[in-house]
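Report on the structure
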Amino acid sequence: MIKEDDDPIFALGSSVSLISCHGKSYEGEVIAFESGRRVLGIKCPSTTGTHSDVHFLNLHNVTDINVKKEPKKEDANVPLTPFVNTRKIEERKRKAIDERRRLVEAFQAGVPDEGFQVFLHLARTMSNAVTWEGKNIIVNKDVVISPPYRPENCSPRGGGRPTDGDKQNSKNTTSCSYTQELVDKYWKSCKS
């Protein structure tokens, strides 16, 4: 085991080899190091031949470690880790939390399992365009699917039929037809 007072610092891009307390050997490039938690991330050649394998190892469970090659000084200013857009990550997190809240609200409203299954099927196809409004599923803000969530339960929001020159109702009806096809496809897949 590596002792606490032998606190090594690993530079990104270093080439290391190590042996775990279970006797498994690892050799690769350092891609991450957290000294507080004593965790080392290394990228090793792939065992399957396609992509690199990435291992995160707790240094408390490492018996032997050797730095084979330090990165060159001129490479020190080159970022080795990719840029992470934290705003996109926060947005994904916010959307996921919002969606879970909507699912909880639907559950509390007494939506049956069939409704959840139709919702999840539509959400896989249309992602952020599917929401809940009480027990009703709302698709693209212009189609309502009411219980029991069959194709015939899809209707344009506002309920009207298109009239000549009424482009919004025509769009709603087209969207409704597409939604009916998706719901019908879901129910047919359930029967097979």
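1. Structural notes on the pattern of salt bridges
- Scanning the entire structure with this criterion turns up eight salt bridges.
- The shortest N-O distance in the salt bridge between arginine 94 and glutamate 91 comes to 2.5 Å. One end of the pair, arginine 94, and the other, glutamate 91, are both in helix α1 (residues 86-108), three residues apart, so they sit about a helical turn from each other.
- Residue lysine 95 is joined to glutamate 91 by a salt bridge in which the shortest nitrogen-to-oxygen separation is 4.0 Å. Here the residue lysine 95 and the residue glutamate 91 both occupy positions in helix α1, the gap between them amounting to four residues, near one helical turn.
- Under the relative-accessibility criterion, lysine 95 is labelled partly exposed at 35%.
- With relative accessibility at 32%, the residue glutamate 91 sits in the partly exposed group.
- It is possible to trace a salt-bridge network through shared partners that takes in Glu91, Arg94, Lys95, Asp98 and Arg101.

2. Let's talk about the packing of aromatic side chains
- Taken as a whole and judged by the stated rule, the model has five aromatic pairs.
- Taken together, a centroid distance of 4.8 Å and an interplanar angle of 20° make the contact between phenylalanine 119 and tryptophan 132 stacked. Placement of the pair is phenylalanine 119 in helix α2 (residues 113-126) and tryptophan 132 in strand β6 (residues 130-133), with a sequence separation of 13 residues. This pair shows no difference in class: phenylalanine 119 is buried, exactly as tryptophan 132 is.
- Positioned above the aromatic ring of tryptophan 187 is the side chain of arginine 150, whose terminal nitrogen or guanidinium carbon lies 3.6 Å from the ring centre.

3. Here we look at the confidence of the model for the chain
- Across the chain, pLDDT averages 82, with 83% of residues at or above 70.
- Looking across the chain, the model is least confident in helix α3 (residues 167-191), with a mean pLDDT of 83, and most confident in strand β8 (residues 143-145), with 94.
- In this model, residues 161-165 is a region of pLDDT below 50 whose contacts with residues beyond four sequence positions or in other chains number four contacts.

4. What about α1?
- Across its 23 residues, α1 extends 33 Å between first and last C-alpha, which sits within 8% of the 33 Å expected from 1.5 Å per residue.
- Within the span of α1, buried status applies to Glu99, Leu103 and Ala106.
- Of the surrounding elements, those touching the buried residues of α1 are α2 and β6.
- Positive phi appears at glycine 110, one or two residues downstream of α1, with a value of about 90°.

5. Focus on α2
- Relative to the 20 Å expected for 14 residues at 1.5 Å per residue, α2 spans 20 Å between its end C-alpha atoms, a close match to the ideal helical length.
- Looking at α2, one finds that the buried residues are Gly115, Phe116, Val118, Phe119, His121, Leu122 and Met126.
- After α2 finishes, the residue serine 127 shows a positive phi value of roughly 40°.

6. A short note on the sheet that holds strand β2 (residues 25-34)
- If you walk across this open sheet you meet the five strands as β4-β3-β2-β1-β5, and the pairing is antiparallel. This sheet does not close on itself; its edge strands, each paired only once, are β4 (53-58) and β5 (62-69). Strand-to-strand twist in this sheet, taken as the mean axis angle between neighbours without regard to direction, amounts to 40°.
- As paired elements, β2 and strand β3 (residues 39-44) share five bridges and run antiparallel to each other. Residue pairing across strands places glutamate 29 opposite lysine 43, the latter belonging to β3.

Reading the values: rules and limits
Residues numbered from 1 in each chain as written. Predicted model: local features only at pLDDT ≥ 70, side-chain atom pairs only at ≥ 80, totals over all residues. Heavy atoms only, no water. Salt bridge = Lys/Arg side-chain N within 4 Å of Asp/Glu carboxyl O. Helix = DSSP H or I, 4+ residues; strand = E, 2+ residues; numbered from the N terminus. Buried < 20%, exposed > 50% of the residue type's maximum accessible area, 1.4 Å probe, protein only. Phe/Tyr/Trp six-rings, centres within 6.5 Å; stacked < 30°, edge-to-face > 60°. Lys NZ or Arg CZ within 6 Å of the ring centre and 35° of its normal. pLDDT = per-residue confidence, 0-100. Contact = heavy atoms within 4.5 Å. Expected span 1.5 Å × (residues − 1). Pairing = 2+ DSSP bridges. Axes fitted to C-alpha atoms, helices over the stretch in contact; angles between N-to-C directions.

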